[in-house]
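# A closer look at the structure
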Amino acid sequence: MISIKNLHKSYQMGASSLHVLKGIDFHVEEGELVAIMGSSGSGKSTLLNILGMLDTADEGQYILDNVEIKDLDETKAAKYRNKFLGFVFQSFNLINYKNAAENVSLPLYYQGISRKERQQVALEYLDRVGLKEWATHLPSELSGGQKQRVAIARAMASRPKVLLADEPTGALDTKTSYEVMDLIQKINEEGKTILVVTHEPDIAQMCKRVVTLKDGVIVEDKKVKQVMASAHV
Amino acid sequence: MFNRDRWQEIFQTISKNKLRTFLSGFTVALGIFIFVILFGFGNGLKNTFQEFFLDDATNTLFVFAGRTSKPYKGYKADRRIEFKNDDLSDIKSEFDFYLEDITPRITRSANVKYKNESNNYSTRAVAPAHQAIEKTILMKGRYINQKDIQTQAKVAVIGRLVAIDLFKSEDPIGKYLAFDSSVFKVIGVFQDEGGDNEERNIYIPYTTRQAIEKSNDKVDQIIVTFRPELGHLGALAFEKELRLFLKAKKSIDPTDQNGIFIRNVADDLKRNQQFSNVLQLIVTFVGLGTLIAGIIGISNIMVFVVKERTKELGVRKALGASPKSIIAMILQESVFITLISGYVGMLVGVILLQNIGTTLEDYFIKNPYIDVSTAIFSTFILVAFGTIAGYIPAKRAAQIKPIIALRDD
């Protein structure tokens, strides 16, 4: 599903240059649930952003679902993001003046799907994250866990190939974190490929594979015995 | 553009972000409103000005007699020139081609009595043609006619304020006024847009005045009007020929600057029009300034709006919005808001102007107005510049990598 080879990324920090990713080789098969771990500054978020086409690599090859991702202009990137990817952010990034259902239907709007169908799909996905009754509530009326579930519903609504989650539990307490991970595990069980960036070992243990980054290189890549989040809820 | 979904998206954004909508709308509405009001006031000033100076007919020459300053043909210098009745008929026959009308004017001050009331007024002894020249408007009765001139009738046409002063609520027509040891029958009451002083005049036949003054045929002043189609150049030519004719007739040195004076209203008119043009220039300048201020205002708001929405735009981009759709969304929204609020501002301004009418006359602003085309054009300009001003930050926002936009807290 995902294949990257020799990925490099540097950031200009004034006069000096910060080499964040120093040649990453990384493959993900369809249906995997991968945790990308590492301390802050290890490059894990940068990797995810490049995978999500929110950022571009300086060097290296990136193939997503048999499509080589290169020479992206913003229009093309937007199209790919819409077609291939769903995003879940640490800070939820819901649009605060839109209610839950409207937030969920937004990626469908950019797919050019009719209003009626959007509404229907949005309610369907809200139902799947257990928030159907909250469809007409604004983000400000939802708890952190609920917001993240709305964000997951939104990421899923466009039926992406890959779900990218950047510290999805970073702003949540332990109990809510496990609820969110439970949801992510369930979505993965249905066959969706999911990448989760986290620095919390217990969250990483709930994935099927853990990739550890340190100083811009992969230092460890192992399959783990998945801990089911539902056991903790 | 006519995508129903996009409009719905825009209406939602507008209605859910009331403060932002209000701020940008208010800026545009205020800009247009102030522009319309200032421009209208400028036009009101012009109206007042034109009324001040353009009271009399504009195709008029006033001819005065003075004293000569040079000896000529055996006459000494400092000789007093006087017009007589035959000058009138001579001008009439000599300048038939140019002439429209001619009247003498003999001005005397008189203490006028009616019953117990009396007051000093200036009396003007004139011919019937004077009515058109002075743009005298009759409220009641009639003006002096040719028969009055021939019979040296003791009749008077009095100003509106004279009637109020002396007759109070009585109808002055047919009543008798006493002045210059004669009795005059009031045959008409007039008003004049030239103001209060004009309405404190009394008109009598010039032949009557001459009869009172020991049956002479002296005339103070000759007023002639020329055919308007002559234009300014024709007027100047007429003035020159008239001057030469009168100088020859009165034996004045052709190079003498004194003796005969001619005031050409066409010259005044030209000067006044120049002043009027300067006023127009000031009005335009003020209007432009206001428009520019409005444009700067809407530009600032647009920068602020886009800045405020950076994160939202980042989210939209992460969800698959193309830069084009981002720009289109921001622009369509801003054009919509500026059009609606610009129209409202314009409408309020125009309605206010119409209701002002003459209430600000004390401040020299009368019947302020703005051409509909000017108002619409300026609204359009503001909307267009608002759009351009919105396009630049919108384009920049659309080009920011979503990751940077999302980081923006």
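Residues numbered from 1 in each chain as written. Chains lettered and ligands numbered in written order. Predicted model: local features only at pLDDT ≥ 70, side-chain atom pairs only at ≥ 80, totals over all residues. Heavy atoms only, no water.

## As for a nonpolar patch on the surface
Residue and element names in this part refer to chain B. Applied cut-off: The residues that make up patches have over 30% relative accessible area and no salt bridge, and they are joined within 9 Å when like-charged or within 5 Å when they are Val, Leu, Ile, Met, Phe, Trp or Tyr. Where accessible areas are quoted, they stem from the Shrake-Rupley method and a 1.4 Å probe; at the residue level, only the protein chains shown are allowed to cover. By convention in these notes, a salt bridge is any Lys or Arg side-chain nitrogen within 4 Å of a carboxyl oxygen on Asp or Glu. In DSSP terms, a helix is any run of H or I states spanning at least four residues, a strand is any run of E spanning at least two, and both are numbered starting from the N terminus.
Nonpolar side chains collect at one region of the surface, where L19, F22, L23, F26, L30, I34, L38, V278, I282, V286 and F304 lie side by side and expose about 940 Å² of accessible area between them. Element by element, the count of residues in the nonpolar patch is highest for helix 2 (residues 18–53), at seven residues. Inspection of the secondary structure assignment puts L38 in helix 2.

## Focus on the interface of chain B and chain A
Note the following rule: The contact criterion used is simple: two residues touch if any of their non-hydrogen atoms lie within 4.5 Å. For any pair of parts, buried area is found by adding up, for both, the accessible area (1.4 Å probe) each one loses once the two are put together. Pairing of N or O atoms within 3.5 Å defines a polar contact, subject to two protein rules: one partner must be a possible hydrogen donor and the other a possible acceptor, and residues neighboring in sequence count only if both atoms are side-chain atoms.
Across the boundary between the two partners, chain B contributes 29 residues, which contact 26 residues of chain A. It is D5, L319 and I403 of chain B in chain B that bury the most area against chain A; as a group they hold 24% of the surface buried on that side. At the boundary of chain B and chain A, one finds two salt bridges. Residues K98 of chain A and E9 of chain B are paired through a salt bridge, measuring 2.7 Å at the closest nitrogen-oxygen approach. If you look at where chain B meets chain A, you find 12 residue pairs in polar contact (both at pLDDT 80 or more).

## Digging into the nonpolar core
We count it as follows: In this description, a nonpolar core means a group of buried Ala, Val, Leu, Ile, Met, Phe, Trp, Tyr and Cys residues linked to one another through side-chain atoms lying within 4.5 Å. Think of it in three bands: with a 1.4 Å probe and only protein chains considered, a residue is buried below 20% of the maximum accessible area for its type, exposed above 50%, and partly exposed in between.
Of all hydrophobic cores here, the largest spans 70 residues; its most connected members are I2, F26, L47, L51, L64 and L195 of chain A. Of the residues forming this core, the biggest block, eight residues, is contributed by helix 11 (residues 323–356) of chain B. Here L47 of chain A is in contact with I4, L7, L21, I24, I36 and L213 of chain A, once residues within four sequence places are set aside. With 55 residues, the next largest nonpolar core counts I106, V126, A156 and V224 of chain B among its residues.

## A few points about the sheet that holds strand 8 (residues 193–197) of chain A
Residue and element names in this part refer to chain A. Under the convention used in this document: The rule for pairing is simple: two strands pair if DSSP sees at least two bridges between them. Geometry is summarised by axes, namely lines fitted to C-alpha atoms with helices restricted to the contacting stretch, and by angles between N-to-C directions that run from 0 to 180 degrees.
With respect to topology, six strands assemble into an open sheet ordered 6-7-8-3-9-10, the strand pairing being mixed. At either margin of the open sheet sits one strand with a lone partner, and together these are strand 6 (85–88) and strand 10 (217–223). Here the average twist between neighbouring strands, direction ignored, is 15°. Sitting on the sheet, helix 5 (residues 144–157) touches strand 6 and strand 7 (162–166), and the angle it makes with strand 6 is about 170°.

## Considerations on the packing of aromatic side chains
All names here are of chain B. Note the following rule: For Phe, Tyr and Trp, rings pair up if their centres lie within 6.5 Å, where Trp contributes its six-membered ring, and each pair is then called stacked (planes under 30 degrees apart), edge-to-face (over 60) or tilted (otherwise).
As enumerated under the stated definition, the model contains 18 aromatic pairs over all chains in all. An angle of 90° between the planes, with centres 5.5 Å apart, marks the rings of F95 and F245 as edge-to-face. Pair noted here: F95 is in the loop between helix 3 (85–94) and strand 3 (99–114) and F245 is in helix 8 (residues 231–249), with a separation of 150 residues, a long-range link. Of the two residues, F95 and F245, neither departs from the other in class, the shared state being buried. Measuring from ring centre to ring centre gives 5.8 Å for Y143 and Y203, while their planes differ by 55°; the resulting arrangement is tilted. Here Y203 lies in strand 9 (residues 201–205) and Y143 lies in the loop between strand 5 (137–141) and helix 5 (146–151), a separation of 60 residues in the sequence. Neither residue differs from the other here; Y143 and Y203 are each classed as buried. By way of ring pairs, the aromatic residues F95, F97, Y98, F226, F238 and F245 are connected into one cluster.

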